[in-house]
Amino acid sequence: MLLEVEKIDTYYGIFQAIFQVSLELDKGEVVCLLGRNGAGKTTALTSIIGLNRPRSGCIKYKSLEITGKKPFQIVRLGIGFIPEDRALKKTWS
Ligand SMILES: Nc1ncnc2c1ncn2[C@@H]1O[C@H](COP(=O)(O)OP(=O)(O)OP(=O)(O)O)[C@@H](O)[C@H]1O
Ligand SMILES: [Mg+2]
């Protein structure tokens, strides 16, 4: 298994955003995470890439535990993330 996410819980302060999320991804597979607005899709992904640290559960990449590692350590292992809202924008007038 390439990526194993096992029962992760992630919070923003005292607010629990995801509950016991598990998924598995094998080499060559495409996995789609579906849910209504606010269901926790982005939080699940930011938990995998280390931007949010799950309070419990376990994430393994190529059998190596990456739960709680820093984003730069995780990206060096080969996990990339393309967010939905990072277009290059002109912010001056
Ligand atoms: N930075 C944050 N601080 C506090 N609460 C947050 C934060 N980011 C997300 N949340 C809350 O966590 C829950 C999950 O949000 P998340 O953005 O992961 O959902 P989503 O499935 O990606 O939604 P969308 O379909 O709108 O992208 C929501 O209740 C949201 O309000
Ligand atoms: Mg989202």
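Above this text you will find the structure in question.
Residues numbered from 1 in each chain as written. Chains lettered and ligands numbered in written order. Predicted model: local features only at pLDDT ≥ 70, side-chain atom pairs only at ≥ 80, totals over all residues. Heavy atoms only, no water.

One finds Leu3, Val5, Ile8, Ile59, Ile66 and Ile79 to be the most contacted residues of the largest nonpolar core, which totals 15 residues. Looking at this core, the elements with two or more residues in it are β1 (3-12), β2 (15-25), α1 (41-48) and β3 (56-61). Element by element, the count of residues in this core is highest for β2, at four residues. (Core = buried A, V, L, I, M, F, W, Y, C linked by side-chain atoms within 4.5 Å. Buried < 20%, exposed > 50% of the residue type's maximum accessible area, 1.4 Å probe, protein only. Helix = DSSP H or I, 4+ residues; strand = E, 2+ residues; numbered from the N terminus.)

All right, on to a nonpolar patch on the surface then. A surface patch of nonpolar side chains, about 220 Å² in accessible area, is lined by Leu33, Leu45 and Phe81. Along the chain, leucine 33 turns up in the loop between β2 and α1. (Patch = residues over 30% accessible without salt bridge, like charges linked within 9 Å, V, L, I, M, F, W, Y side chains within 5 Å. Areas by Shrake-Rupley, 256 points an atom, 1.4 Å probe, with all protein chains shown as cover. Salt bridge = Lys/Arg side-chain N within 4 Å of Asp/Glu carboxyl O.)

So, on to the environment of alanine 44. Mapped onto the fold, alanine 44 is located in helix α1. Considering only alpha carbons, one finds alanine 44 and isoleucine 66, 22 residues apart in sequence, at a separation of 14 Å. When sequence neighbours within four positions are dropped, the list of residues in contact with alanine 44 reads Ile18 and Leu33. (Contact = heavy atoms within 4.5 Å.)

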